[in-house]
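Chain by chain, the residues:
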Amino acid sequence: MRSRFRVRGFRTAAALASACAMQVVNAPVLEGQASAASEQRTVARAERLRAAGRPAEASAALREHLDRAPASPAALALFGELALETGEARTLVHYAEAALAAAPEDQVARLWWTRALTGADMPDSALAVTERWLADGSGRGEARLARADVQLAVGDSAGAARTLGGALVPSRELLTRLADILLASSDGDRVAAAWAELLALSPPETDEVEQDLRRVGEAGEAHLDRLWERLRGRTDDAARAGAIIALRLGDPAQARELADGVRGAGDIEDAAFLREYVREADAVALSAEIAWAAQLLAELSPRPVDRLRWQALAAEQSLVAGDTGAARRALEDLTRESDPGDGPHQLASRRLFGLLAAESASLDAAAAALDRYVRQYPDSTLAEASMRGQLALGHARAGELVKAEAVLSEARTRLRVASTGPLDAAAARLSLYAGRRDSAHERARRSVREVKIEAAERTRRLELLTLVQTADTAEVRIVGAAALGLLADPEAFDPGPALRDLAGAPASSGRPVVLAFLADEAAATGRHRIAEALRRQVVERHPASPQAPAALLDLARAAPPPEAALWLERLIVGYPRSALAPVARRLLTELDGGL
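Residues numbered from 1 in each chain as written. Predicted model: local features only at pLDDT ≥ 70, side-chain atom pairs only at ≥ 80, totals over all residues. Heavy atoms only, no water.

K.L.:
What's the story with the overall build of the protein in this structure? I'm lost.
P.N.:
Of the regular secondary structure elements, the protein holds 33 helices and zero strands. Taking 2.2 N^0.38 as the reference for a compact globule, 595 residues should give roughly 25 Å; the C-alpha atoms of the protein span a radius of gyration of 36 Å, well beyond that estimate. Seen along its three principal axes, the alpha-carbon backbone of the protein occupies a region of about 105 × 60 × 45 Å. Here the protein, with 595 residues, has 50% of them falling under the buried criterion. In the protein, the share of contacts with a sequence separation of at least 24, taken over all contacts with a separation of at least 6, comes to 56%. A total of about 28,200 Å² of accessible surface is found on the protein, and carbon and sulfur atoms cover 52% of it. Where the 75 positive side-chain charges of the protein centre and where its 84 negative ones centre are 5 Å apart. (Helix = DSSP H or I, 4+ residues; strand = E, 2+ residues; numbered from the N terminus. Rg over C-alpha atoms; globule rule 2.2 N^0.38 Å. Buried < 20%, exposed > 50% of the residue type's maximum accessible area, 1.4 Å probe, protein only. Contact = heavy atoms within 4.5 Å. Areas by Shrake-Rupley, 256 points an atom, 1.4 Å probe, with all protein chains shown as cover. Lys, Arg positive; Asp, Glu negative; His and termini not counted. Charge placed at Lys NZ, Arg CZ, Asp CG, Glu CD.)

Structure, rendered in structure tokens:
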């Protein structure tokens, strides 16, 4: 018979053997006991033989040593592993008994005697040995583990659970083994209790419990719920470890509840836990949790430089999470507590302005923030131009196209010509929204002349220029009205009227450009299903256009892996000479590796 937990048992025996070996170094040599150096040489040679695939020679070397010196725990432990692996359990019984005769109190010898008897199909004898071992009070934890192994070998999992659960002060391995047994028997309440005890250890067995939960998957939801019930209301390390596990399992609500409950242990302890919480949340890309913990760390930080660093992280991650309210509060704190001229202050000021300009209700506050920025950073003319363009688009979003044009007109009187690229880009957008093709074309053409411009922004400006160059006046009017609708209220936008108007208008050579542009606008505002439908139209109705390969690539990037592979294959086969074909091949290779 072989225990289901034999490997863990070997680790226990090996640990005991190491401890015994260390004791032997300074102890007098007893009868039947070799020197520590002799035993270490023998074990090292046997391990090399085993690693070389020569287990029989390794066993022979260990037997020769044990014949001379039976009280050699490290040698006995390694021989025990080999004997059980090769079916020599009865031989192991002899050597374990000889070891006990030479050293009656040796815990390693008792472990391997129990395992040898179990492997030799003598479970009653093994149980009797462990019963006496428990009764004499020595090595109680090891005795319980050994007895549980025997009980598991004969199919008595309930008895094994009782044996392990009876320990007054359970060890780390005993709790781990107990959790495994209870999990296999679907005893949800008791396994949750064992997990909670594992998490209460110092350090907590976070990885072990997480692995158990992942192993049972969806079938373990009930066990998981019971674990959360046991951890709620606790303010110790178990609750902290539970919060970390919840993050790893993708349950931010549960993580937040547990983490919130452990606050108040003291600034130093709270800060240490929150830093770990940030690291774990970052590892699973839970931006809202990073922001929450970072804001608390800012409040706990005594040094201004640390406080500003955490406030900046809180603001950044709130933006990523889409929580503009929390981001605004964090940015306001950051601008209030930092000094003008500092890097954090300037960046926070611009981001705060961007949030205000994106909401129709806060356009006046955005204008005030812009004026304040200009006073504090009078030489930052390019940034000012970009911000004034954002403010103009904010008024366009609110349906105030005349006011938007006035913002840009006033800005041109303040700024040097070299800084007006962002103004031209915003003005081109306003002309598009108003359906003025010629004006949009002239403004878009000027906007792409700017030298210092980020790649993504240059692409956006070139796409607009391409649209107004290739589409006719009617198409520009239709797509401009649709783009303004998406800007003003993405959730309420209905593409139906625009598509019907396009269907009723003569198609110019720029029709695929129109569809692709509108698809990009929809995707940028989160209307991905609309973007997909428009890109499908480009692919199906305009397969010979330059926009078709790009539409296929965009469809692939937005699709789940199996569907993405089909889009990529279609691009590679249908457009082998496209500049996007190598990109598609690389993405397909990555997909094949992950499927």
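K.L.:
How should I be thinking about the environment of E463 in this particular structure?
P.N.:
Along the chain, E463 falls in helix α26 (residues 455-470). Given the relative accessible area of 32%, E463 is considered partly exposed. Counting along the chain gives 54 residues from E463 to F517, while the straight-line C-alpha distance between them is 7.2 Å. In this view, E463 contacts F517 and D520; residues no more than four positions away in its chain are not counted.

K.L.:
Just to check I follow, could you spell out the pattern of salt bridges for this structure?
P.N.:
Applying the stated criterion across every chain, the model contains 43 salt bridges. Put simply, R303 and D306 hold a salt bridge, and the shortest N to O gap is 2.9 Å. For D306, a relative accessible area of 16% gives the class buried. In this structure, the salt-bridge partner of D306 is R309, at a minimum N-O distance of 3.6 Å. With D306 and R309 both in helix α18 (residues 304-321) and three residues apart, this pair spans about one turn of that helix. (Salt bridge = Lys/Arg side-chain N within 4 Å of Asp/Glu carboxyl O.)

K.L.:
How should I be thinking about the side chain of R443 in this particular structure?
P.N.:
For R443, the position within the fold is in helix α25 (residues 437-447). If sequence neighbours within four positions are ignored, R443 has contacts with E405, D424, A427, A428, S431 and R436.

K.L.:
Help me out: how do you make sense of the nonpolar core in this one?
P.N.:
The nonpolar side chains of a soluble globular protein tend to be buried, and buried together. The biggest cluster of nonpolar side chains holds 93 residues, and the ones touching the most others in it are W195, L199, V209, L227, W228, L231 and Y277. It is helix α14 (residues 237-248) that provides the largest number of residues to this core, a total of eight residues. Not counting chain neighbours up to four residues away, the residues in contact with L199 comprise P204, E205, T206, V209, L227, L231, D237, A238, A241, G242 and I245. In this structure, A428, V448, A551 and A559 belong to the second largest nonpolar core, which totals 50 residues. (Core = buried A, V, L, I, M, F, W, Y, C linked by side-chain atoms within 4.5 Å.)

K.L.:
In this structure, what is going on with the environment of R446? I would like to understand it.
P.N.:
Inspection of the secondary structure assignment puts R446 in helix α25. Taking relative accessible area as the criterion, R446 reaches 28% and is therefore assigned partly exposed. Note: C-alpha distance between R446 and L423 (23 residues apart in sequence) is 9.8 Å. Not counting residues within four places of it along the chain, the set of residues in contact with R446 comprises R412 and D424.

K.L.:
Hey, could you run me through the packing of helix α31 (residues 547-558) against helix α32 (residues 561-574) in this one?
P.N.:
Each pair of packed helices can be described by the angle between their axes along with the distance between the axes. α32 packs onto α31 with a crossing angle of 160° between their chain directions and a minimal axis gap of 8 Å. Comparing the axis directions of α31 and α32 gives the class roughly antiparallel. Judged by the twist between their axes, the crossing of α31 over α32 is left-handed. For the pair formed by α31 and α32, the contact residues are P549, L552, L553, L555 and A556 on the first element and A564, W567, L568, R570 and L571 on the second. For the contact of α31 with α32, the class distribution of residues is nine nonpolar, no polar and one charged. (Axes fitted to C-alpha atoms, helices over the stretch in contact; angles between N-to-C directions. Parallel < 35°, antiparallel > 145°, perpendicular 65-115°, else oblique. Left-handed = near helix turned anticlockwise from the far one by under 90°. Nonpolar A, V, L, I, M, F, W, Y, C, P; charged D, E, K, R; others polar.)

K.L.:
Explain the packing of aromatic side chains here, please?
P.N.:
Any two aromatic rings considered together are summarised by their centre-to-centre distance and by the angle between their planes. Tallied over the full model, the rule gives four aromatic pairs. On the basis of an interplanar angle of 65° and a centroid distance of 5.4 Å, the ring pair of Y277 and W292 is categorised as edge-to-face. Of the two residues, Y277 sits in helix α16 (residues 267-283) while W292 sits in helix α17 (residues 287-300), which places them 15 residues apart along the sequence. Here Y277 falls in the buried class, since its relative accessible area comes to 0%. (Phe/Tyr/Trp six-rings, centres within 6.5 Å; stacked < 30°, edge-to-face > 60°.)

K.L.:
Explain helix α20 (residues 343-357) to me, please; I cannot follow it from the model alone.
P.N.:
The end-to-end C-alpha distance of α20, which contains 15 residues, comes to 21 Å, matching closely the 21 Å that a straight helix rising 1.5 Å per residue would cover. Those residues of α20 hidden inside the fold are in contact with α18, α19 (324-337), α21 (363-376) and α22 (381-397). (Expected span 1.5 Å × (residues − 1).)

K.L.:
Just checking my understanding: could you explain the packing of helix α15 (residues 252-261) against α17 for this structure?
P.N.:
The contact between α15 and α17 brings their axes to 10 Å, and the two run at 15°. Comparing the axis directions of α15 and α17 gives the class roughly parallel. Here α15 and α17 pass one another in a crossing that is right-handed. Between α15 and α17, the contacting residues are P252, R256, A259 and D260 on the first element and A288, E289 and W292 on the second. Here the residues of the contact of α15 with α17 are counted per class, giving four nonpolar, no polar and three charged.

K.L.:
Can you walk me through α26 in this structure?
P.N.:
Residues lying three or four places apart along an α-helix face the same way, a consequence of the helix completing one turn every 3.6 residues. In this model α26 runs 22 Å from its N-terminal to its C-terminal C-alpha over 16 residues, within 8% of the 22 Å that 1.5 Å per residue would give. Those residues of α26 not exposed but buried are R461, L464, L465, L467 and V468. The buried residues of α26 occupy an angular sector of 160° when projected down its axis, which confines them to one face. Structural note: α26 exposes A455 and A456 on the side pointing more than 90 degrees away from its buried face. Structurally, α26 contributes buried residues whose contacts are with α24 (421-434), α25, α27 (473-488) and α29 (511-524). (Arc of directions from axis to C-beta.)

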